[in-house]
Amino acid sequence: MTDHLMTRRQVVGRWMAATSFGITASVLWKPDPIQAQLLPETPSCGGDDAATISQTEGPYYTPHTPQKRNFRPDAQGEAITLIGFVTDKRCQPVANATVDLWHADAHGVYDNSGYKLRGYQTTDAQGRYVFETIVPGLYPGRTRHFHVKIAVPGQRVLTTQLYFPDDARANRADGIFDRRLLMRIDNASDGKIGRYNFVVNLA
Ligand code: FE
């Protein structure tokens, strides 16, 4: 049934269009019907416990990463497009937030001397970010994960990690894993779409 799926590019195009006008919470959290088939509605960003939880940075963070949207030239692997919003707890989009992403290659190895599979994006006026990258490999002691830092000017940096729902067994075995940080993963015709909306606590 692969030929019934949209490409990653088509999914991102629809998502961008569906959220690019009428900036209200309802638009942010209710994708258009076609998109909804592929990307079901995400959890609400409201509520007292809604802020995205922080997690350890781990040993492999490198500061001063380059601005980079497309990591795919950096390494071979299964394509994944990572999309989502940065919002505050009232579901308002946070523009100009820095989303700094780093992760292992398909063999579970980090580039600790350069900036392969490391880079940041800044959210647009509607709080959106998009990365093109590959699915990270496993390395001993951890389940599959992305590392992320969300920096909003004037606020504390949120450091956290994102997880894959398909790795249920490895997730259970990982003491750092937290299900609140599971991405929504959908299949496109040419790879995966990973979706996560970060909710930041603005002081
Ligand atoms: Fe890691």
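A.B. asks: When you look at the overall build of the chain in this model, what are you seeing that I'm missing?
C.D. replies: Counting its regular elements, the chain contains four helices and nine strands. Going from the N terminus to the C terminus, the chain shows its helices and strands as α-α-α-β-β-β-β-β-β-α-β-β-β. When burial is assessed residue by residue, the chain has 52% of its 203 residues classed as buried. Counting only contacts in the chain whose residues sit at least 6 apart along the sequence, the fraction spanning at least 24 positions is 72%. In the structure as shown, the chain presents an accessible area of about 10,000 Å², 50% of it carried by carbon and sulfur atoms.

A.B. asks: Would you mind going over the pairing of strand E8 (residues 191-195) with me for this structure?
C.D. replies: Regular strands show a simple pattern: their side chains alternate between the two faces of the sheet. Most of E8 is tucked away: five of the five residues are buried. Of the pairings in the sheet, the one linking strand E1 (residues 79-88) to E8 comprises four bridges and is parallel in character. Residue Ile83 lies in a different strand from E8, and its bridge partner there is Arg195. Pairing of strand E7 (residues 184-188) with E8 involves five bridges; the strand directions are antiparallel. In the sheet register, Asn187 faces E8, and the bridge partner there is Lys192.

A.B. asks: Honestly, the coordination of the iron ion in this entry has me stumped. Any pointers?
C.D. replies: Each donor-metal-donor angle in an ideal tetrahedron of four donors is 109.5 degrees, and each such angle in an ideal octahedron of six donors is either 90 or 180 degrees. Only Tyr110 (OH), Tyr139 (OH), His145 (NE2) and His147 (NE2) from the protein coordinate the iron ion, and they sit 1.9 to 2.1 Å from it. For the iron ion, the four donor atoms are set out with angles of 91 to 154° between them, so the coordination reads as irregular. Of note, the iron ion draws all its donor residues from one chain, in the sequence arrangement Y-x28-Y-x5-H-x1-H. His145 carries the same exposure label as Tyr139, and that label is buried.

A.B. asks: Is there a simple way to explain helix H1 (residues 8-18) in this structure?
C.D. replies: Listing the buried residues of H1 in full gives Arg8, Val11, Val12, Trp15 and Ala18. Axial view of H1: buried residues confined to an arc of 130°, hence all on one face.

A.B. asks: Help me understand the pairing of strand E2 (residues 98-102), please; the structure alone is not making it clear to me.
C.D. replies: Among the five residues that make up E2, four are buried, leaving the element largely enclosed by the rest of the structure. For E2 and strand E3 (residues 118-122), the ladder comprises five bridges, and the chain directions are antiparallel. Bridge pairing in E3 places Trp102 opposite Arg118. Two strands pair when backbone bridges link them, and E2 and strand E5 (residues 145-151) are joined in this way by five bridges, in the antiparallel orientation. Within E5, the position partnered with Val99 by the bridge is Ile150.

A.B. asks: What should I look at first to understand the nonpolar core in this one?
C.D. replies: A general trend in soluble globular proteins is that nonpolar side chains are found buried together. Counting 30 residues, the largest nonpolar core has Val86 and Ile150 as its most contacted members. If you list the elements that add at least two residues to this core, you get E1, E2, strand E4 (128-134), E5, strand E6 (158-163) and strand E9 (198-200). Sequence-distant contacts of Val86, defined by excluding residues within four places in its chain, comprise Gln92, Pro93, Val94, Ala97, Val99, Thr123, Gly127, Tyr129, Ile150, Phe198 and Val200. By size, the runner-up hydrophobic cluster in this structure holds nine residues, among which are Met6, Trp15, Ile83 and Val130.

A.B. asks: In this structure, what is going on with the confidence of the model for the chain? I would like to understand it.
C.D. replies: Residues shown with low pLDDT carry predicted positions that ought not to be read at fine detail. Looking at the chain, pLDDT values average 88 and 84% of them are 70 or higher. Counting contacts from residues 22-43, a segment whose pLDDT is below 50, to residues more than four positions away or on other chains yields 49 contacts.

A.B. asks: Sorry if this is basic, but what is going on with the pattern of salt bridges here?
C.D. replies: Side-chain pairing between opposite charges can occur once the charged atoms of the two side chains come close. This structure, assessed with the given rule, holds ten salt bridges. Linked through salt bridges whose partners overlap, the residues forming this network are Arg8, Glu132 and Asp190.

Rules used throughout
- Residues numbered from 1 in each chain as written.
- Predicted model: local features only at pLDDT ≥ 70, side-chain atom pairs only at ≥ 80, totals over all residues.
- Heavy atoms only, no water.
- Helix = DSSP H or I, 4+ residues; strand = E, 2+ residues; numbered from the N terminus.
- Buried < 20%, exposed > 50% of the residue type's maximum accessible area, 1.4 Å probe, protein only.
- Contact = heavy atoms within 4.5 Å.
- Areas by Shrake-Rupley, 256 points an atom, 1.4 Å probe, with all protein chains shown as cover.
- Pairing = 2+ DSSP bridges.
- Donors = N, O, S within 2.8 Å, 3.2 Å for Na, K, Ca; no water.
- Tetrahedral: all angles 85-135°; square planar, octahedral: opposite > 155°, others 65-115°.
- Arc of directions from axis to C-beta.
- Core = buried A, V, L, I, M, F, W, Y, C linked by side-chain atoms within 4.5 Å.
- pLDDT = per-residue confidence, 0-100.
- Salt bridge = Lys/Arg side-chain N within 4 Å of Asp/Glu carboxyl O.

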